[in-house]
Amino acid sequence: MAKAKTQFICQNCGTVHSRWAGKCDGCGEWNTIVEEDPMGGIGGGPGKVPKKGRAVTLTTLSGEIEEAPRIHTGISELDRATGGGFVRGSAVLIGGDPGIGKSTLLMQAAAALSRRGHRIIYVSGEEAVAQVRLRAQRLDAADTEVLLAAETNVEDILATISEGKRPDLVIIDSIQTLWSDTADSAPGTVTQVRTGVQAMIRFAKQTGAAMVLVGHVTKEGQIAGPRVVEHMVDAVLYFEGDRGHQYRILRTVKNRFGPTDEIGVFEMSDKGLREVTNPSELFLGERNAKSPGAAVFAGMEGTRPVLVEVQALVAPTSLGTPRRAVVGWDSSRLSMILAVLEAHCGVRFGQHDVYLNVAGGYRISEPAADLAVASALVSSLAGAPLPADFVYFGEISLSGAVRPVSQTPQRLKEAEKLGFAGAMLPASSAELPKSGSRWTEIEDLPDLVSRIAGS
Ligand code: TYD
Ligand code: MG
């Protein structure tokens, strides 16, 4: 028999190379290419007899299809991120940095589901059963009927979860510890992870159990990251947050059964994760509104408004090339706003260092934050505090115009709810709510600068 042909696969993005290289062309990462036997896990084992499939027409399906059957956890932030609960027969990947709280979240979800009468199996490949139980105790989940197993071999896991009554939900923590007898590569490589995940997805589809897969985001690339299985699963959620801060965000990046722009917000406490039903209150919690350079941005995450403080510090520099540092926002977007302020308003930052920070470790991705950033910058440079009871939003174009953004009424409603008395927003925004609040429409950046510097 001819020697099996091996391939060289990038552990970060899954790109296949014909020979080894130091750098992957696909994703540009270094030292991520590993030699593997790609056919190892495919084919379903020796001696398998092929089965004929059955094709059906779309019309015969009508009437049979209902809403995807979901399992609600009762943890509303988690249900919101998954689009209403875990879907039976589907696979969800939950990715995130090591130590961010994935196992904690899933143990809490498992306990909540078990209390609702569901049969849950938690398979841990990283911690021993005793360790998992210890964590469960800390989370007040030790009195539930969650079944624990500490296994890493795919065939053993399948045997364990097929035993007895069918599970409603299976948690695999984590995909990087999975290894199968049918694949020759080392545990943690792309082939092993894909083979293991494939087997788990097959189990979910066959039994109607919901499958939750945990994947660590890896920096080194020596073990495969969650990216390589994202396309195989039905939904992908990322658990994000800054380890220096307590809050965590569960963000949906792919969902075959629901919206992808929802987030769930949690706070890490000594008794596990707590739901945060009003994130704005959390992000505005430690606010010092009287100092210059702070502007509250009225943002949106999916269907939910989130108010967060943008802080700028503009200080004279002693360096030849002034410093630009950004936390929680896009640094090229900051450069653009600085350039537009210089070009259209004559506000000069050439002799100043500029620091921009989004409070609470939160990350803003909306361009609608432009106006809040520009306001914070001008306020800091002028040493003039902004009105404490105003929120800001609007996108800035290269010409200096302030452009309308979506969901204006929701942003304003949230601001009013939290006690803000006014907003600076783009002119010609959608219909503004009629109330006692002051809605100040801003045409362009020079208009904004004259209002801030003149106030
Ligand atoms: P963990 O869920 O183990 O992270 P992951 O599975 O994503 O690697 O969370 C680990 C961190 O969470 C650890 O640093 C301790 C902290 N933690 C708490 O602060 N409170 C708790 O109740 C628990 C269980 C963990
Ligand atoms: Mg873990």
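Treat the numbers as computed from the prediction; the structure is a model and nothing was measured.

### With respect to the site of ligand 1
Piece 1. For ligand 1, the set of nearby residues contains 15 residues, the closest of which are G101, K102, S103, T104 and G272.
Piece 2. When residues of the shell around ligand 1 are traced back to their parent elements, those giving at least two are helix 3 (102–115) and helix 4 (129–138).
Piece 3. In terms of residue count, helix 3 provides more of the shell around ligand 1 than any other element does, 3 residues in total.
Piece 4. A class-by-class count of the residues in the shell around ligand 1 yields 4 nonpolar, 6 polar and 5 charged.

### Quick notes on the environment of G241
Piece 1. Along the chain, G241 falls in strand 11 (residues 235–241).
Piece 2. On the basis of neighbour count, G241 is assigned to the buried category, with 23 C-beta atoms found within 10 Å.
Piece 3. Through-space distance from the C-alpha of G241 to that of F266 is 9.6 Å; in sequence the pair is 25 residues apart.
Piece 4. Beyond its immediate sequence surroundings of up to four residues, G241 is in contact with I100, Y247, R248, I249 and G361.

### Section: the sheet that holds strand 1 (residues 7–10)
Strands belonging to one sheet form pairs held by backbone hydrogen bonds; the direction of such a pair is parallel or antiparallel.
Piece 1. Overall, antiparallel pairing links the 3 strands, which are arranged 2-1-3 in an open sheet. Only two strands of the sheet have a single partner each, and these edge strands are strand 2 (16–17) and strand 3 (33–36).
Piece 2. Taken together, the 2 bridges between strand 1 and strand 2 define a ladder with antiparallel strand orientation. Counterpart to I9 in the pairing with strand 2 is V16.

### Points about helix 11 (residues 445–454)
Residues three or four positions apart in an α-helix share a direction because the helix packs 3.6 residues into each turn.
Piece 1. Residues of helix 11 that are buried include every one of L445, L448, V449 and I452, and no others. Mapping the buried residues of helix 11 onto a view down its axis gives an arc of 95 degrees, with all of them on the same face. Facing away from the buried side of helix 11 by over 90 degrees, the exposed positions are S450 and G454.
Piece 2. Where helix 11 is buried, its residues touch helix 8 (331–345), helix 9 (370–382), strand 20 (395–396), strand 21 (402–403) and strand 23 (438–442).

### A short note on the environment of L425
Piece 1. The residue L425 is located in strand 22 (residues 422–426) in this model.
Piece 2. For L425, a count of 28 C-beta atoms within 10 Å gives the class buried.
Piece 3. Taking the C-alpha atoms as reference, L425 lies 8.7 Å from T408; in sequence the two are 17 residues apart.
Piece 4. The residues touching L425, leaving out its near neighbours within four places in the chain, are F393, G394, T408, W439, E441 and I442.

### Here's the deal with the domain arrangement of the protein
Piece 1. Split into domains, the protein comes out as domain 1 (1–39), domain 2 (69–277) and domain 3 (282–454).
Piece 2. Placing the centre of domain 1 and that of domain 2 at their C-alpha centroids yields a distance of 27 Å.
Piece 3. Counting residues at the interface gives 12 residues for domain 1, matched by 12 residues for domain 2.
Piece 4. When its residues are assigned to classes, the side of domain 1 that touches domain 2 shows 4 nonpolar, 5 polar and 3 charged.

### Brief notes about the UniProt feature "binding site: ATP" (unreviewed entry) in the protein
Piece 1. Annotation from UniProt places "binding site: ATP" (unreviewed entry) at G96, D97, P98, G99, I100, G101, K102 and S103.
Piece 2. Looking at where D97 falls in the secondary structure, it is placed in the loop between strand 6 (91–96) and helix 3.
Piece 3. In this structure, S103 sits in helix 3.
Piece 4. Those residues in contact with S103 that sit more than four places away from it in its chain are R135 and D173.

The rules behind each value
Residues numbered from 1 in each chain as written. Chains lettered and ligands numbered in written order. Predicted model: local features only at pLDDT ≥ 70, side-chain atom pairs only at ≥ 80, totals over all residues. Near = placed C-beta within 6 Å. Helix = DSSP H or I, 4+ residues; strand = E, 2+ residues; numbered from the N terminus. Nonpolar A, V, L, I, M, F, W, Y, C, P; charged D, E, K, R; others polar. Buried ≥ 20, exposed ≤ 12 C-beta atoms within 10 Å, placed from the backbone. Contact = placed C-beta atoms within 7 Å. Pairing = 2+ DSSP bridges. Arc of directions from axis to C-beta. Domains from an automatic or database assignment. UniProt positions renumbered as here; feature names shortened; annotations may be inferred.

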